[in-house]
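# Observations on the model geometry
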Amino acid sequence: MKRILLHICCAGCACYPYQKLKEEGFEVVGFWYNPNIQPYEEYRRRLMATGYFAQATSLKLITDTDYPLKNFLKGILAKEEAKEVRCSFCYEMRMERAARSAKERGFDYFTTTLLYSKFQQHNLIKELGEKLGEKYDVNFYYEDFREGWKEGITLSKKMGLYRQQYCGCIFSEKERYSEYTL
Ligand code: SF4
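Computed from a predicted structure; not experimentally measured. (Residues numbered from 1 in each chain as written. Predicted model: local features only at pLDDT ≥ 70, side-chain atom pairs only at ≥ 80, totals over all residues. Heavy atoms only, no water.)

Turning next to the packing of aromatic side chains. Centre-to-centre distance and the angle between the planes together describe a pair of aromatic rings. Counted under the stated rule, the structure contains 14 aromatic pairs. Aromatic rings pair up to connect Tyr-16, Tyr-116, Phe-119, Phe-145 and Trp-149 into one cluster. Stacked on the ring of Phe-107, the Lys or Arg Arg-3 has its end atom at 4.1 Å from the ring centre. Across from the ring centre of Tyr-33, 4.1 Å away, lies the NZ or CZ of Arg-97, which sits over that ring. (Phe/Tyr/Trp six-rings, centres within 6.5 Å; stacked < 30°, edge-to-face > 60°. Lys NZ or Arg CZ within 6 Å of the ring centre and 35° of its normal.)

Next up, the structure:
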C-alpha cells in the first residue's frame, strides 16, 4: 500500500481529500503545519478541530506546532499586501515543511488539502508541489479535490466541525470583514 502524507490546512478541508485518498487505496497520514493562522487563539481552535477530526476518523496525525510568527509576518510583508504574492510565500512555507517531512519519514507521496479549496490559487499550489517534490525527491500527488467541494461541506457539517470565516492571516481576516460597514 502506498503511503501518503497529507498536509491539512484545516479540518473542514480535510474531509473530502482524506476520504478520496483512502478510496484510492492510499495509507494516509495527516500533517499539521500552519503558522499562517492568526491570531494565535484562532490557530489553536483550528488545530483542536483537526485533532478532533483525526480522532473521529481514525486518521493518524502528525502535528508540527512550530509557530514562527515573526518569520511568517516578515515573509508576507516583504511581498507587500498583493494577495497572489503573499499567498505564494504562505503556500510554499507550509508545503515545504510537508515535503521535507514526507521525505524524512519515508513516505511515497505528499499532497495538501489546499487543493480542495475553491478560494486558493489551485494551479500555483500544483506548481509549487511539483517543484518541492523535485527539491526533496519525494512524489507530489496531484488531484483536483475541488470536485468534491459540496461533498466535503456536507461531511464537515455532519461531523459538526468548526468552520472558519477567513483564510488565516490577518490580511485575509481584514479582507473578509471589510465588506461590512461600521
Ligand atoms: S490569504 Fe491565506 S493563503 Fe494567503 S497568505 Fe493569508 S493565510 Fe496564507
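Here the narrative resumes, following the displayed structure.
So, on to the site of the ligand. Near the ligand, the surroundings consist of Asn-36, Arg-86, Cys-87, Cys-90, Tyr-91, Arg-94, Gln-120, Cys-167, Gly-168, Cys-169 and Ser-172. With five residues, helix α4 (residues 83-104) is the largest single contributor of residues to the shell around the ligand. Split by residue class, the shell around the ligand holds five nonpolar, four polar and two charged. (Near = heavy atom within 4 Å. Helix = DSSP H or I, 4+ residues; strand = E, 2+ residues; numbered from the N terminus. Nonpolar A, V, L, I, M, F, W, Y, C, P; charged D, E, K, R; others polar.)

Another aspect to go through is the sheet that holds strand β2 (residues 27-32). What the five strands build is an open sheet, ordered β3-β2-β1-β4-β5; its pairing is parallel. Each edge of the open sheet carries a strand with a single partner, namely β3 (60-63) and β5 (139-140). Bridging between strand β1 (residues 3-7) and β2 involves five bridges; their strand directions are parallel. Each residue of the ladder has a partner; that of His-7, found in β2, is Phe-31. (Pairing = 2+ DSSP bridges.)

We now examine unusual backbone geometry. Residue Pro-39 is bonded to the preceding Gln-38 through a cis peptide linkage, with omega at -10°. Turning to its location among the elements, Pro-39 is positioned in the loop between β2 and α2 (40-57). Residue Ser-58 is not a glycine yet carries a positive backbone phi of 60°. Positionally, Ser-58 belongs in the loop between α2 and β3. On the basis of relative accessible area, Ser-58 is assigned to the exposed category, the value being 66%. (Buried < 20%, exposed > 50% of the residue type's maximum accessible area, 1.4 Å probe, protein only.)

A few words now on the pattern of salt bridges. Should the charged atoms of two oppositely charged side chains come close, the side chains can pair. Inspection of every chain in the model, using the stated rule, returns 13 salt bridges. A network of salt bridges, in which partner residues are shared, links Lys-20, Glu-24 and Glu-143. (Salt bridge = Lys/Arg side-chain N within 4 Å of Asp/Glu carboxyl O.)

Along the chain, Ser-156 turns up in helix α6 (residues 149-158). Polar contacts involving the side chain of Ser-156 include one to the side chain of Arg-163, which spans 2.8 Å. When sequence neighbours within four positions are dropped, the list of residues in contact with Ser-156 reads Gly-12, Cys-15, Leu-161 and Arg-163. (Polar contact = N/O pair within 3.5 Å; in protein donor to acceptor, adjacent residues only side chain to side chain. Contact = heavy atoms within 4.5 Å.)

What follows deals with the packing of helix α1 (residues 11-23) against α2. Packed helix pairs are characterised by how far apart their axes lie and by the angle those axes make with each other. With their axes 9 Å apart at the nearest point, α1 and α2 run at an angle of 30° to one another. The pairing of α1 with α2 is recorded here as roughly parallel in orientation. Contact with α1, carried on its side by Ala-11, Ala-14, Cys-15 and Tyr-18, involves Ala-49, Thr-50, Phe-53 and Thr-57 of α2 and no other residues of that element. In terms of residue class, the contact of α1 with α2 is made up of six nonpolar, two polar and no charged. (Axes fitted to C-alpha atoms, helices over the stretch in contact; angles between N-to-C directions. Parallel < 35°, antiparallel > 145°, perpendicular 65-115°, else oblique.)

Purely spatial values, then, with no claim about function.
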